[in-house]
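Examination of the molecular architecture
Each chain, letter by letter, is given below.
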Amino acid sequence: QVQLVESGGGLVQAGGSLRLSCAASGRTVSTYAMGWFRQAPGKEREFVAAISWNGGMTYYTDSVKGRFTISRDNAKNTVYLQLNSLKPEDTAVYYCAAVRSLSRGTMATMSSERWYDYWGQGTQVTVSS
């Protein structure tokens, strides 16, 4: 079993930045693809970004390209999501997810909630205008 714990959320003004962390425990996630999803109030959960097991491939939804950056530190069993140039529409609960995979992945698989086996509890990001 893999346990995922997100942190780093908070309240920030539009244009500001946050760095989210997802710390894994239970197993090393160095052979796991990792993803970030978010759910805004009244909306379905949506894909934000994903990274392959070795960091060689990254995927982003169009609305965050150029503003968000996903990275990982396998030595620390942690995945990060740097959020820059935040907008009010980025307000959501951000979730980390993991699935054991040594493939490069594709956008279709990495962006699908059904592909992931493990999920964290989420961290709230609120962007004020």
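Scoring rules and cut-offs
- Within every chain, residues take consecutive numbers counted from 1 along the sequence as written.
- The predicted origin of the model limits local features to residues at a pLDDT of at least 70 and limits the giving and counting of side-chain atom pairs to 80 or more, whereas totals for whole chains, interfaces and linings rest on all residues.
- The side-chain values count all of the structure's non-hydrogen atoms but skip hydrogen atoms and water molecules.
- Cysteine sulfur atoms are paired as a disulfide whenever they come within 2.5 Å of each other.
- Strands are runs of DSSP state E lasting at least two residues, helices are runs of H or I lasting at least four, and both sets are numbered from the N terminus onward.
- Burial here depends on accessible area, computed with a 1.4 Å probe over protein chains only, as a share of the maximum for the residue type. Under 20% is buried, over 50% is exposed, and the range in between is partly exposed.
- Centres within 6.5 Å make a pair out of two Phe, Tyr or Trp rings, where for Trp the six-membered ring is used; the pair is then stacked when the planes are under 30 degrees apart, edge-to-face when over 60, and tilted otherwise.
- Geometrically, a charge over a ring is one whose NZ (Lys) or CZ (Arg) sits within 6 Å of the ring centre while staying within 35 degrees of the ring normal.
- Here the nonpolar core consists of buried residues drawn from Ala, Val, Leu, Ile, Met, Phe, Trp, Tyr and Cys, with membership extended through side-chain atoms lying within 4.5 Å.
- Here, any two strands with at least 2 DSSP bridges between them count as paired.
- Throughout, an axis means a line fitted to C-alpha atoms (over the contacting stretch in the case of helices), and angles, computed between N-to-C directions, take values from 0 to 180 degrees.

Counting across every chain of the model gives one disulfide. With its sulfur 2.0 Å from that of its partner, Cys22 forms a disulfide with Cys96. Residues Cys22 and Cys96 are joined by a disulfide whose S-S torsion is about -80°; by sign, that bridge is left-handed. Note that Cys22 is positioned in strand E3 (residues 18–25) and Cys96 in strand E9 (residues 92–100), a separation of 74 residues in sequence. By relative accessible area, which is 1% here, Cys22 ends up buried.

This next bit is on the packing of aromatic side chains. Per the stated rule, a full pass over the model turns up six aromatic pairs. On the numbers, 5.6 Å between centres and 70° between planes, the contact of Phe37 with Phe47 is edge-to-face. You can see Phe37 sitting in strand E4 (residues 32–39) and its partner Phe47 sitting in strand E5 (residues 46–51), a full ten residues away along the chain. As far as the burial class goes, Phe37 and Phe47 line up, both buried. The interplanar angle of 80° and the centroid separation of 5.6 Å between the aromatic rings of Trp115 and Tyr116 together place this pair among those described as edge-to-face. For Trp115, a relative accessible area of 24% puts it in the partly exposed group. Aromatic ring contacts, followed pair by pair, group Phe37, Phe47, Trp115, Tyr116 and Trp119 into a single cluster. Sitting above the plane of the Tyr80 ring, Arg19 keeps its charged end 3.9 Å from the centroid. Positioned above the aromatic ring of Tyr95 is the side chain of Arg45, whose terminal nitrogen or guanidinium carbon lies 4.9 Å from the ring centre.

Further remarks concern the nonpolar core. Counting 30 residues, the largest nonpolar core has Leu4, Met34, Trp36, Leu81 and Tyr94 as the members making the most contacts within it. Counting residues in hydrophobic clusters, the runner-up holds nine residues, among them Ala33, Phe37, Tyr59 and Tyr116.

What follows concerns the sheet that holds strand E1 (residues 3–7). Taken together, four strands build an open sheet; the order of strands is E1-E3-E8-E7 and the sheet is antiparallel. If you trace the sheet from one side to the other, it starts and ends with E1 and strand E7 (68–73), each paired once. The average angle at which neighbouring strand axes cross in this sheet is 15°, direction not considered. For E1 and E3, the ladder comprises five bridges, and the chain directions are antiparallel. Each residue of the ladder has a partner; that of Leu4, found in E3, is Ala24.

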